[in-house]
Amino acid sequence: MTMQKANVISLFTGLVPAILLLFCACSSDRSGTYSSLKSGIDQIWIVNTHEHFNTEAGRMASDVDFFTLVEGYLLSDLTSSGMPREDRIYIKDGNIPVEDRWKVFYPHWQKVKNTGYGRSLSQTVKGLFDINVIDDNTFPDINRKMLETNKKQGWYKHVLKDKSRIGLTIIDPLGSYTHADTVFPAEFFVKVRRFDNFVTVNENNIAAIGQQYGQQINNLSDYLNVLDIAFKKAVEVEGIVGVKSGLAYHRKIHYEDVPAHRAGSLFSKLHENSQRLDSDEQKLLEDFMMHQVIERAVKYDLPIQIHTGILTGNFNNNPIGNTNAVHLSNLFQKFREGKFILFHGNFPYMDELSYLAKHYPNVYIDMCWMHIVSPSASKRYLEEWLLTVPSNKIMAFGGDYTVTELTHGHSLMARQTVAEVLTKMVHGGHVTEEEALVLAERILKKNALDLFKLEKADDQWRRKL
Ligand SMILES: [Zn+2]
(Lines give C-alpha, C1' and ligand atoms only; values in the text may rest on other atoms or scores of the structure.)
Protein backbone atom coordinates (compact mmCIF):
# COMPACT_ATOMS: atom_id res chain seq x y z
CA MET A 1 0.00 0.00 0.00
CA THR A 2 1.45 3.34 -0.92
CA MET A 3 1.58 6.09 1.64
CA GLN A 4 -0.83 8.09 -0.45
CA LYS A 5 -3.33 5.24 -0.58
CA ALA A 6 -3.05 4.63 3.17
CA ASN A 7 -3.69 8.29 3.78
CA VAL A 8 -6.73 8.26 1.56
CA ILE A 9 -8.08 5.16 3.30
CA SER A 10 -7.47 6.50 6.77
CA LEU A 11 -8.97 9.79 5.78
CA PHE A 12 -11.95 7.94 4.35
CA THR A 13 -12.38 5.58 7.32
CA GLY A 14 -12.07 8.53 9.64
CA LEU A 15 -14.52 10.60 7.67
CA VAL A 16 -17.26 8.02 7.34
CA PRO A 17 -18.03 7.73 11.06
CA ALA A 18 -17.71 11.51 11.39
CA ILE A 19 -20.18 12.06 8.56
CA LEU A 20 -22.47 9.39 9.96
CA LEU A 21 -22.29 10.93 13.40
CA LEU A 22 -23.04 14.35 11.97
CA PHE A 23 -25.92 12.96 9.91
CA CYS A 24 -27.37 11.09 12.88
CA ALA A 25 -27.00 14.11 15.15
CA CYS A 26 -28.66 16.34 12.57
CA SER A 27 -31.47 13.98 11.70
CA SER A 28 -32.25 13.13 15.31
CA ASP A 29 -32.15 16.84 16.22
CA ARG A 30 -34.23 17.58 13.16
CA SER A 31 -36.88 15.01 13.92
CA GLY A 32 -36.69 15.89 17.63
CA THR A 33 -37.40 19.58 17.06
CA TYR A 34 -40.03 18.86 14.44
CA SER A 35 -41.88 16.27 16.47
CA SER A 36 -41.90 18.33 19.64
CA LEU A 37 -43.07 21.45 17.76
CA LYS A 38 -45.62 19.43 15.80
CA SER A 39 -47.14 17.92 18.91
CA GLY A 40 -47.41 21.42 20.44
CA ILE A 41 -48.96 22.79 17.24
CA ASP A 42 -51.42 19.89 17.09
CA GLN A 43 -52.76 21.00 20.48
CA ILE A 44 -53.62 24.52 19.31
CA TRP A 45 -57.32 25.33 18.91
CA ILE A 46 -57.28 27.06 15.52
CA VAL A 47 -59.34 30.12 14.65
CA ASN A 48 -60.26 29.36 11.05
CA THR A 49 -60.46 32.76 9.36
CA HIS A 50 -62.50 31.95 6.26
CA GLU A 51 -65.07 29.38 5.07
CA HIS A 52 -68.16 29.09 2.86
CA PHE A 53 -69.81 26.09 4.52
CA ASN A 54 -73.47 25.35 4.41
CA THR A 55 -75.11 25.08 7.83
CA GLU A 56 -75.07 21.55 9.23
CA ALA A 57 -78.86 21.33 8.87
CA GLY A 58 -78.63 22.50 5.25
CA ARG A 59 -75.87 20.05 4.54
CA MET A 60 -77.73 17.09 6.11
CA ALA A 61 -80.73 17.90 3.94
CA SER A 62 -78.70 17.70 0.74
CA ASP A 63 -77.65 14.67 -1.28
CA VAL A 64 -74.01 13.72 -0.95
CA ASP A 65 -71.73 10.98 -2.22
CA PHE A 66 -68.04 10.52 -2.95
CA PHE A 67 -68.16 13.24 -5.60
CA THR A 68 -69.22 15.85 -3.02
CA LEU A 69 -65.53 15.72 -2.11
CA VAL A 70 -64.60 16.47 -5.72
CA GLU A 71 -65.54 20.13 -5.37
CA GLY A 72 -64.64 23.30 -7.25
CA TYR A 73 -60.92 23.45 -6.52
CA LEU A 74 -60.23 19.86 -7.48
CA LEU A 75 -62.42 20.30 -10.53
CA SER A 76 -60.17 23.25 -11.47
CA ASP A 77 -57.10 21.04 -11.33
CA LEU A 78 -58.96 18.36 -13.31
CA THR A 79 -59.80 21.00 -15.92
CA SER A 80 -56.20 22.17 -15.93
CA SER A 81 -55.03 18.57 -16.45
CA GLY A 82 -57.12 18.37 -19.62
CA MET A 83 -60.15 16.43 -18.39
CA PRO A 84 -62.87 17.05 -21.01
CA ARG A 85 -65.82 19.21 -19.98
CA GLU A 86 -68.34 16.44 -20.66
CA ASP A 87 -66.44 14.13 -18.28
CA ARG A 88 -66.50 16.81 -15.57
CA ILE A 89 -70.23 17.23 -16.00
CA TYR A 90 -70.67 13.43 -16.01
CA ILE A 91 -68.89 12.82 -12.69
CA LYS A 92 -70.99 15.47 -10.94
CA ASP A 93 -74.31 14.14 -12.29
CA GLY A 94 -76.13 12.56 -9.35
CA ASN A 95 -78.55 10.77 -11.68
CA ILE A 96 -75.77 8.53 -13.00
CA PRO A 97 -74.72 5.54 -10.84
CA VAL A 98 -71.75 6.53 -8.71
CA GLU A 99 -69.78 3.46 -9.84
CA ASP A 100 -69.98 4.58 -13.47
CA ARG A 101 -68.83 8.07 -12.56
CA TRP A 102 -65.92 6.60 -10.58
CA LYS A 103 -64.69 4.77 -13.72
CA VAL A 104 -64.53 8.09 -15.58
CA PHE A 105 -62.95 9.94 -12.66
CA TYR A 106 -60.22 7.49 -11.67
CA PRO A 107 -57.79 7.89 -14.64
CA HIS A 108 -57.98 11.68 -14.20
CA TRP A 109 -57.41 11.42 -10.45
CA GLN A 110 -53.97 9.95 -11.23
CA LYS A 111 -52.99 13.28 -12.77
CA VAL A 112 -54.12 15.59 -9.97
CA LYS A 113 -53.61 13.65 -6.75
CA ASN A 114 -50.14 15.23 -6.40
CA THR A 115 -51.40 18.84 -6.09
CA GLY A 116 -52.45 20.63 -2.92
CA TYR A 117 -56.12 20.11 -3.82
CA GLY A 118 -55.52 16.41 -4.40
CA ARG A 119 -53.50 16.01 -1.23
CA SER A 120 -56.19 17.78 0.77
CA LEU A 121 -58.73 15.20 -0.43
CA SER A 122 -56.39 12.30 0.37
CA GLN A 123 -55.62 13.67 3.84
CA THR A 124 -59.33 14.24 4.51
CA VAL A 125 -60.21 10.65 3.61
CA LYS A 126 -57.34 9.35 5.70
CA GLY A 127 -58.06 11.58 8.69
CA LEU A 128 -61.84 11.21 8.82
CA PHE A 129 -62.41 7.70 7.45
CA ASP A 130 -59.09 6.00 8.18
CA ILE A 131 -58.63 5.12 4.49
CA ASN A 132 -55.06 5.47 3.24
CA VAL A 133 -55.45 5.35 -0.54
CA ILE A 134 -58.18 6.44 -2.93
CA ASP A 135 -58.53 3.64 -5.49
CA ASP A 136 -60.91 1.02 -6.92
CA ASN A 137 -60.80 -0.99 -3.69
CA THR A 138 -61.47 1.87 -1.29
CA PHE A 139 -63.84 4.00 -3.34
CA PRO A 140 -67.03 2.09 -2.27
CA ASP A 141 -66.08 2.51 1.41
CA ILE A 142 -65.46 6.24 1.03
CA ASN A 143 -68.75 6.64 -0.78
CA ARG A 144 -70.61 4.64 1.90
CA LYS A 145 -69.05 6.68 4.71
CA MET A 146 -70.04 9.93 3.02
CA LEU A 147 -73.67 8.71 2.86
CA GLU A 148 -73.70 7.40 6.45
CA THR A 149 -72.10 10.44 8.06
CA ASN A 150 -74.45 12.85 6.30
CA LYS A 151 -77.26 11.53 8.49
CA LYS A 152 -75.44 12.10 11.75
CA GLN A 153 -76.26 15.18 13.73
CA GLY A 154 -73.05 16.34 15.33
CA TRP A 155 -70.99 15.56 12.24
CA TYR A 156 -69.73 19.16 12.08
CA LYS A 157 -68.64 18.94 15.73
CA HIS A 158 -66.83 15.71 14.93
CA VAL A 159 -65.07 17.11 11.85
CA LEU A 160 -64.29 20.63 13.09
CA LYS A 161 -63.73 20.21 16.82
CA ASP A 162 -62.90 16.58 17.54
CA LYS A 163 -60.82 15.82 14.45
CA SER A 164 -59.50 19.23 13.33
CA ARG A 165 -59.30 21.10 16.67
CA ILE A 166 -60.84 24.18 15.10
CA GLY A 167 -62.40 26.30 17.84
CA LEU A 168 -64.07 29.02 15.83
CA THR A 169 -64.67 29.58 12.14
CA ILE A 170 -65.28 32.93 10.48
CA ILE A 171 -67.94 32.22 7.90
CA ASP A 172 -68.65 34.08 4.67
CA PRO A 173 -71.95 32.41 3.82
CA LEU A 174 -72.19 31.97 0.07
CA GLY A 175 -75.60 32.52 -1.42
CA SER A 176 -76.84 34.44 1.58
CA TYR A 177 -74.61 37.48 1.70
CA THR A 178 -77.60 39.71 2.08
CA HIS A 179 -79.64 37.61 4.52
CA ALA A 180 -79.39 37.37 8.26
CA ASP A 181 -81.67 34.39 8.66
CA THR A 182 -79.13 31.65 8.00
CA VAL A 183 -78.31 30.22 11.40
CA PHE A 184 -74.71 29.34 12.02
CA PRO A 185 -74.43 28.08 15.62
CA ALA A 186 -72.31 30.34 17.84
CA GLU A 187 -70.30 27.45 19.23
CA PHE A 188 -68.75 27.03 15.78
CA PHE A 189 -69.16 30.20 13.77
CA VAL A 190 -68.99 33.97 13.63
CA LYS A 191 -70.01 35.78 10.45
CA VAL A 192 -68.65 38.38 8.10
CA ARG A 193 -70.86 40.15 5.59
CA ARG A 194 -70.31 41.41 2.07
CA PHE A 195 -71.49 44.83 0.92
CA ASP A 196 -70.36 44.18 -2.66
CA ASN A 197 -73.96 44.50 -3.83
CA PHE A 198 -73.86 48.14 -2.70
CA VAL A 199 -70.55 48.75 -4.49
CA THR A 200 -71.65 47.20 -7.77
CA VAL A 201 -74.21 49.91 -8.49
CA ASN A 202 -76.78 48.88 -11.10
CA GLU A 203 -80.54 49.04 -11.43
CA ASN A 204 -81.09 45.46 -10.27
CA ASN A 205 -79.03 45.92 -7.13
CA ILE A 206 -80.61 49.29 -6.31
CA ALA A 207 -84.09 47.75 -6.62
CA ALA A 208 -83.18 44.68 -4.54
CA ILE A 209 -81.51 46.77 -1.84
CA GLY A 210 -84.45 49.18 -1.67
CA GLN A 211 -86.83 46.27 -1.30
CA GLN A 212 -84.74 44.41 1.26
CA TYR A 213 -84.51 47.41 3.59
CA GLY A 214 -87.95 48.83 2.76
CA GLN A 215 -86.52 52.14 1.58
CA GLN A 216 -87.24 54.35 -1.40
CA ILE A 217 -83.98 55.11 -3.24
CA ASN A 218 -84.13 58.20 -5.45
CA ASN A 219 -80.62 59.53 -5.28
CA LEU A 220 -77.12 58.84 -3.97
CA SER A 221 -77.92 60.32 -0.60
CA ASP A 222 -80.86 57.85 -0.17
CA TYR A 223 -78.56 55.04 -1.28
CA LEU A 224 -75.91 55.96 1.30
CA ASN A 225 -78.62 56.20 3.91
CA VAL A 226 -79.61 52.58 3.17
CA LEU A 227 -75.94 51.58 3.40
CA ASP A 228 -75.94 53.09 6.90
CA ILE A 229 -79.04 51.09 7.79
CA ALA A 230 -77.49 47.91 6.38
CA PHE A 231 -74.32 48.34 8.41
CA LYS A 232 -76.20 49.10 11.61
CA LYS A 233 -78.41 46.04 11.14
CA ALA A 234 -75.47 43.81 10.22
CA VAL A 235 -73.58 44.84 13.34
CA GLU A 236 -76.42 45.09 15.84
CA VAL A 237 -78.74 42.33 14.65
CA GLU A 238 -76.59 39.89 12.67
CA GLY A 239 -73.57 40.42 14.92
CA ILE A 240 -71.05 40.40 12.08
CA VAL A 241 -67.39 40.54 13.11
CA GLY A 242 -66.00 41.87 9.83
CA VAL A 243 -66.63 42.90 6.25
CA LYS A 244 -65.67 40.82 3.22
CA SER A 245 -64.98 42.04 -0.31
CA GLY A 246 -64.94 39.60 -3.21
CA LEU A 247 -64.83 42.17 -6.00
CA ALA A 248 -61.45 40.94 -7.28
CA TYR A 249 -63.47 38.42 -9.29
CA HIS A 250 -65.02 41.18 -11.37
CA ARG A 251 -62.72 44.16 -11.66
CA LYS A 252 -59.35 45.76 -10.97
CA ILE A 253 -59.08 46.28 -7.23
CA HIS A 254 -57.88 49.84 -7.52
CA TYR A 255 -60.47 52.21 -6.09
CA GLU A 256 -59.96 55.89 -6.86
CA ASP A 257 -61.01 58.56 -4.39
CA VAL A 258 -63.97 60.04 -6.30
CA PRO A 259 -65.60 63.30 -5.07
CA ALA A 260 -69.19 62.93 -3.80
CA HIS A 261 -70.61 65.44 -6.31
CA ARG A 262 -69.17 63.42 -9.21
CA ALA A 263 -70.58 60.16 -7.79
CA GLY A 264 -73.92 61.90 -7.17
CA SER A 265 -74.27 62.96 -10.78
CA LEU A 266 -73.27 59.50 -12.04
CA PHE A 267 -75.85 57.91 -9.74
CA SER A 268 -78.52 60.31 -11.06
CA LYS A 269 -77.57 59.59 -14.64
CA LEU A 270 -78.01 55.86 -14.02
CA HIS A 271 -81.00 55.83 -11.71
CA GLU A 272 -83.04 58.98 -12.21
CA ASN A 273 -82.38 59.49 -15.91
CA SER A 274 -82.14 55.75 -16.70
CA GLN A 275 -79.08 56.23 -18.87
CA ARG A 276 -76.32 53.72 -19.30
CA LEU A 277 -72.96 54.51 -17.68
CA ASP A 278 -69.93 53.79 -19.80
CA SER A 279 -67.31 51.52 -18.26
CA ASP A 280 -65.19 54.42 -16.94
CA GLU A 281 -68.21 56.04 -15.32
CA GLN A 282 -69.36 52.74 -13.84
CA LYS A 283 -65.90 52.22 -12.37
CA LEU A 284 -65.84 55.69 -10.79
CA LEU A 285 -69.22 55.16 -9.14
CA GLU A 286 -68.10 51.77 -7.81
CA ASP A 287 -64.82 53.27 -6.59
CA PHE A 288 -66.75 55.90 -4.65
CA MET A 289 -68.99 53.25 -3.07
CA MET A 290 -66.00 51.12 -2.02
CA HIS A 291 -64.62 54.11 -0.12
CA GLN A 292 -68.05 54.52 1.50
CA VAL A 293 -68.14 50.86 2.58
CA ILE A 294 -64.65 51.09 4.07
CA GLU A 295 -65.52 54.33 5.87
CA ARG A 296 -68.37 52.50 7.60
CA ALA A 297 -66.26 49.44 8.38
CA VAL A 298 -63.75 51.77 10.05
CA LYS A 299 -66.55 53.54 11.95
CA TYR A 300 -67.71 50.21 13.42
CA ASP A 301 -64.09 49.02 13.88
CA LEU A 302 -64.73 46.01 11.62
CA PRO A 303 -61.75 44.36 9.91
CA ILE A 304 -62.06 44.17 6.13
CA GLN A 305 -61.21 40.85 4.49
CA ILE A 306 -60.28 41.47 0.87
CA HIS A 307 -59.93 38.83 -1.81
CA THR A 308 -56.57 39.35 -3.53
CA GLY A 309 -54.65 37.21 -6.01
CA ILE A 310 -55.74 33.81 -7.36
CA LEU A 311 -59.27 33.43 -8.69
CA THR A 312 -61.14 30.17 -8.57
CA GLY A 313 -62.25 28.56 -11.83
CA ASN A 314 -60.01 28.19 -14.85
CA PHE A 315 -61.40 30.73 -17.26
CA ASN A 316 -62.27 33.74 -15.16
CA ASN A 317 -62.08 36.66 -17.53
CA ASN A 318 -60.58 39.09 -15.01
CA PRO A 319 -56.82 39.19 -15.71
CA ILE A 320 -54.82 38.07 -12.67
CA GLY A 321 -52.87 41.36 -12.63
CA ASN A 322 -56.10 43.15 -11.67
CA THR A 323 -56.21 41.27 -8.37
CA ASN A 324 -52.76 42.21 -7.06
CA ALA A 325 -53.05 43.79 -3.61
CA VAL A 326 -50.64 46.60 -4.55
CA HIS A 327 -53.62 48.25 -6.29
CA LEU A 328 -55.15 48.83 -2.84
CA SER A 329 -52.30 51.02 -1.58
CA ASN A 330 -54.24 54.31 -1.76
CA LEU A 331 -56.87 52.80 0.58
CA PHE A 332 -54.17 51.85 3.08
CA GLN A 333 -52.88 55.44 2.92
CA LYS A 334 -56.29 57.05 3.29
CA PHE A 335 -57.93 54.83 5.93
CA ARG A 336 -55.19 54.70 8.54
CA GLU A 337 -57.57 53.28 11.16
CA GLY A 338 -58.76 50.51 8.85
CA LYS A 339 -57.76 46.88 9.33
CA PHE A 340 -57.14 45.48 5.85
CA ILE A 341 -56.77 41.71 5.75
CA LEU A 342 -55.37 40.57 2.43
CA PHE A 343 -56.51 37.09 1.48
CA HIS A 344 -54.84 34.10 -0.09
CA GLY A 345 -51.32 35.44 0.47
CA ASN A 346 -51.96 37.56 -2.66
CA PHE A 347 -50.89 34.41 -4.58
CA PRO A 348 -48.99 34.57 -6.95
CA TYR A 349 -47.80 38.02 -5.77
CA MET A 350 -46.49 37.03 -2.36
CA ASP A 351 -43.44 39.30 -2.53
CA GLU A 352 -45.62 42.37 -2.94
CA LEU A 353 -47.59 41.26 0.10
CA SER A 354 -44.37 41.02 2.15
CA TYR A 355 -43.78 44.68 1.38
CA LEU A 356 -47.36 45.83 2.01
CA ALA A 357 -47.70 44.06 5.37
CA LYS A 358 -44.26 45.17 6.46
CA HIS A 359 -44.83 48.77 5.42
CA TYR A 360 -48.42 49.57 6.42
CA PRO A 361 -49.53 49.21 10.06
CA ASN A 362 -53.11 48.61 8.84
CA VAL A 363 -52.34 45.68 6.50
CA TYR A 364 -52.53 42.03 7.57
CA ILE A 365 -51.73 38.75 5.82
CA ASP A 366 -54.28 35.93 5.68
CA MET A 367 -53.13 32.59 4.24
CA CYS A 368 -56.65 31.21 3.79
CA TRP A 369 -56.89 28.84 0.78
CA MET A 370 -53.14 29.08 0.31
CA HIS A 371 -51.90 25.77 1.79
CA ILE A 372 -53.92 23.85 -0.77
CA VAL A 373 -53.22 26.23 -3.66
CA SER A 374 -49.51 25.64 -3.19
CA PRO A 375 -48.12 23.81 -0.17
CA SER A 376 -44.58 24.73 -1.23
CA ALA A 377 -45.26 28.47 -1.73
CA SER A 378 -47.00 28.45 1.65
CA LYS A 379 -43.88 27.03 3.23
CA ARG A 380 -41.51 29.46 1.52
CA TYR A 381 -43.60 32.52 2.20
CA LEU A 382 -44.66 31.72 5.74
CA GLU A 383 -40.95 31.65 6.52
CA GLU A 384 -40.41 34.87 4.59
CA TRP A 385 -43.29 36.61 6.36
CA LEU A 386 -42.25 35.41 9.82
CA LEU A 387 -38.78 36.82 9.17
CA THR A 388 -40.05 40.07 7.60
CA VAL A 389 -43.43 41.08 9.01
CA PRO A 390 -44.43 41.60 12.69
CA SER A 391 -45.89 38.32 13.91
CA ASN A 392 -49.19 39.86 15.07
CA LYS A 393 -50.06 40.55 11.42
CA ILE A 394 -50.10 37.01 10.02
CA MET A 395 -53.03 34.59 10.08
CA ALA A 396 -51.99 31.15 8.91
CA PHE A 397 -55.21 29.22 8.39
CA GLY A 398 -58.56 29.54 6.67
CA GLY A 399 -59.99 26.51 4.89
CA ASP A 400 -61.96 28.44 2.24
CA TYR A 401 -64.05 25.39 1.34
CA THR A 402 -67.75 24.84 0.80
CA VAL A 403 -67.41 21.18 1.88
CA THR A 404 -66.69 20.97 5.61
CA GLU A 405 -64.90 17.60 5.46
CA LEU A 406 -62.15 19.00 3.23
CA THR A 407 -61.23 21.66 5.76
CA HIS A 408 -59.99 18.76 7.88
CA GLY A 409 -57.39 17.78 5.26
CA HIS A 410 -56.49 21.42 4.71
CA SER A 411 -55.97 21.98 8.44
CA LEU A 412 -53.63 18.97 8.65
CA MET A 413 -51.58 20.40 5.79
CA ALA A 414 -51.45 23.84 7.44
CA ARG A 415 -50.31 22.44 10.80
CA GLN A 416 -47.60 20.46 9.02
CA THR A 417 -46.37 23.53 7.11
CA VAL A 418 -46.34 25.69 10.24
CA ALA A 419 -44.35 23.00 12.07
CA GLU A 420 -41.86 22.62 9.19
CA VAL A 421 -41.31 26.36 8.85
CA LEU A 422 -40.83 26.86 12.57
CA THR A 423 -38.47 23.86 12.77
CA LYS A 424 -36.34 25.48 10.08
CA MET A 425 -36.37 28.77 11.97
CA VAL A 426 -35.27 27.01 15.18
CA HIS A 427 -32.45 25.26 13.32
CA GLY A 428 -31.43 28.54 11.70
CA GLY A 429 -31.09 30.07 15.15
CA HIS A 430 -33.85 32.63 14.54
CA VAL A 431 -36.06 31.49 17.42
CA THR A 432 -36.00 29.04 20.30
CA GLU A 433 -38.47 26.16 20.44
CA GLU A 434 -40.49 28.00 23.07
CA GLU A 435 -40.62 31.13 20.93
CA ALA A 436 -41.63 29.02 17.93
CA LEU A 437 -44.65 27.69 19.81
CA VAL A 438 -45.65 31.21 20.82
CA LEU A 439 -45.49 32.20 17.14
CA ALA A 440 -47.58 29.17 16.13
CA GLU A 441 -50.25 30.06 18.68
CA ARG A 442 -50.27 33.63 17.39
CA ILE A 443 -50.63 32.85 13.70
CA LEU A 444 -53.10 29.99 14.10
CA LYS A 445 -55.29 31.51 16.78
CA LYS A 446 -54.43 34.58 18.80
CA ASN A 447 -54.03 37.11 15.97
CA ALA A 448 -57.50 36.33 14.64
CA LEU A 449 -59.00 36.40 18.16
CA ASP A 450 -57.49 39.85 18.74
CA LEU A 451 -58.19 41.35 15.34
CA PHE A 452 -61.83 40.25 15.18
CA LYS A 453 -62.32 40.72 18.94
CA LEU A 454 -63.47 37.14 19.40
CA GLU A 455 -62.47 36.53 23.03
CA LYS A 456 -66.11 36.44 24.11
CA ALA A 457 -67.08 34.03 21.31
CA ASP A 458 -64.05 31.92 22.19
CA ASP A 459 -65.15 31.71 25.84
CA GLN A 460 -68.69 30.82 24.84
CA TRP A 461 -67.86 27.81 22.73
CA ARG A 462 -65.29 26.56 25.22
CA ARG A 463 -67.97 26.35 27.88
CA LYS A 464 -69.92 24.09 25.51
CA LEU A 465 -67.05 21.64 25.07
ZN1 LIG B 1 -63.47 32.34 -0.08
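All values reported here derive from a predicted model rather than from experimental measurement.

So, the sheet that holds strand β6 (residues 340-342)
Overall, parallel pairing links the 8 strands, which are arranged β1-β2-β3-β4-β5-β6-β7-β8 in an open sheet. This sheet does not close on itself; its edge strands, each paired only once, are β1 (46-51) and β8 (394-395). For strand β2 (residues 166-171) and strand β3 (residues 189-194), the ladder comprises 3 bridges, and the chain directions are parallel. Residue pairing in the sheet places T169 in a bridge with F189 of β3.

Digging into the coordination of the zinc ion
Protein ligation of the zinc ion involves H50 (NE2), H52 (NE2) and D400 (OD), the donor distances falling in the range 2.1 to 2.2 Å. Along the chain, the residues donating to the zinc ion are arranged with the sequence spacing H-x1-H-x347-D. Taken as a pair, H50 in strand β1 and D400 in the loop between β8 and α18 (404-427) lie far apart in primary sequence, 350 residues in all. With a relative accessible area of 1%, H50 lands in the buried category. We classify D400 as buried; its relative accessible area is 4%.

A word on the environment of E148
With respect to the helices and strands, E148 occurs in helix α7 (residues 139-149). As for E148 and V64, which are separated by 84 residues in sequence, their C-alpha atoms are 9.7 Å apart.

Examining the packing of helix α8 (residues 155-163) against α18
Relative orientation of the contacting elements α8 and α18 amounts to 10°, with a least axis distance of 10 Å. For the element pair α8 / α18, the angle class is roughly parallel. Residues W155, Y156, V159, L160 and K163 of α8 pack against T404, E405, T407 and H408 of α18.

Here's the deal with empty space enclosed by the protein
Under the counting rule described, the total for this entry stands at 2 cavities of 30 Å³ or more. In this structure, the largest cavity encloses a volume near 60 Å³. Contributing elements (two or more residues each) for the lining of the largest cavity: α9 (196-199), β4 (242-245) and α13 (279-299). The element best represented in the lining of the largest cavity is α13, accounting for 4 residues.

Notes on the packing of helix α3 (residues 72-81) against helix α6 (residues 116-129)
Helix-helix packing is described using two parameters, namely the angle between the two axes and the distance between the axes. For the pair α3 and α6, interaxial distance at closest approach is 9 Å and the crossing angle is 135°. Between α3 and α6, the angle falls in the class oblique. For the pair α3 and α6, the crossing hand works out as left-handed. Contact residues: Y73, L74 and D77 in α3; Y117, G118 and L121 in α6. For the contact of α3 with α6, the per-class residue count stands at 4 nonpolar, 1 polar and 1 charged.

Some words on the packing of aromatic side chains
Taken as a whole and assessed by the stated rule, the structure comprises 26 aromatic pairs. Ring geometry for F66 against F139: centres 5.5 Å apart, planes inclined by 85°, an arrangement best described as edge-to-face. Taken together, the residues F66 in the loop between α2 (56-60) and α3 and F139 in helix α7 connect sequence positions 73 residues apart. Just as F66 is buried, F139 falls in that class too. For the ring pair F195 and F231, a centre distance of 4.0 Å and an interplane angle of 5° mean the geometry is stacked. In this pair, F195 is assigned in the loop between β3 and α9 and F231 in helix α11 (residues 220-236), connecting sequence segments 36 residues apart. Judged by its relative accessible area of 1%, F195 falls in the buried class. Feature note: the residues F66, F67, W102, F105, Y106, W109 and F139 constitute an aromatic cluster, connected by ring pairs. Above the plane of the ring of F188 lies K161, whose end atom (NZ or CZ) is 4.9 Å from the centre. The ring of Y364 has K393 sitting right over it, with the charged end atom 5.9 Å from the ring centre.

Side note on the pattern of salt bridges
In the structure shown here, the tally under the stated rule is 24 salt bridges. As a salt-bridge pair, D287 and R251 come within 2.7 Å of each other at their nearest N and O atoms. With a gap of 36 residues between them, D287 in helix α13 and R251 in the loop between β4 and α12 (260-271) connect regions that are remote in the sequence. Neither residue differs from the other here; D287 and R251 are each classed as buried. Each of R251, E256, K283, E286 and D287 takes part in one network of salt bridges that share partners.

Let's talk about the pairing of β1
Working note: regular strand, side chains alternate between the two faces of the sheet. Counting buried residues in β1 gives 6 out of 6 residues, a clear majority hidden from the surface. The pairing of β1 with β2 spans 4 bridges and is classified as parallel. For V47, the partnering residue across the bridge sits in β2 and is L168.

About the thresholds
- Every chain is numbered on its own, with residues counted from 1 as its sequence reads.
- In keeping with the predicted nature of the model, local features appear solely for residues at pLDDT of at least 70, side-chain atom pairs appear and are counted solely at 80 or more, and the whole-chain, interface and lining totals rest on all residues.
- The basis for every side-chain value is the complete set of heavy atoms in the structure, and neither hydrogens nor water enter the calculation.
- Pairing between two strands requires that DSSP report at least two bridges joining them.
- Each helix corresponds to a stretch of at least 4 residues labelled H or I by DSSP, and each strand to a stretch of at least 2 residues labelled E; elements are numbered beginning at the N terminus.
- Only nitrogen, oxygen and sulfur atoms within 2.8 Å of the metal, or 3.2 Å for Na, K and Ca, are treated as donors, and water is left out, so sites may look incomplete.
- We call a residue buried when its accessible area falls under 20% of the maximum for its residue type, exposed when it is over 50%, and partly exposed in between, using a 1.4 Å probe and counting protein chains only.
- Helix axes are fitted only over the stretch in contact, all axes being lines through C-alpha atoms; the angle between N-to-C directions runs from 0 to 180 degrees.
- Geometric relationships in this document are graded by angle, where less than 35 degrees denotes roughly parallel, more than 145 denotes roughly antiparallel, 65 to 115 denotes roughly perpendicular, and other angles denote oblique.
- Any two residues whose heavy atoms approach within 4.5 Å at even a single point are treated as in contact.
- Cavity: a set of points on a 1 Å grid over the protein atoms alone where a 1.4 Å probe fits but cannot get out. Pocket: an open set with protein on both sides within 12 Å along at least five of seven lines, its lining residues, like those of a cavity, having an atom within 4 Å of a point.
- Grid points are joined across faces, edges and corners, and a volume is the space filled by probe spheres set on the points.
- Left-handed describes a crossing whose near helix is turned anticlockwise from the far helix by less than a right angle; the clockwise case is right-handed.
- When residues are grouped by polarity, Ala, Val, Leu, Ile, Met, Phe, Trp, Tyr, Cys and Pro land in nonpolar, Asp, Glu, Lys and Arg in charged, and all others, Gly among them, in polar.
- Note on aromatic pairs: the rings of Phe, Tyr and Trp (six-membered ring only in Trp) are paired at centre separations within 6.5 Å, and the planes decide the class, stacked below 30 degrees, edge-to-face beyond 60, tilted for the rest.
- By definition here, charges over rings are those cases where NZ of Lys or CZ of Arg is within 6 Å of the ring centre and within 35 degrees of the ring normal.
- Salt bridges are defined by distance alone: a side-chain nitrogen of Lys or Arg within 4 Å of a carboxyl oxygen of Asp or Glu.

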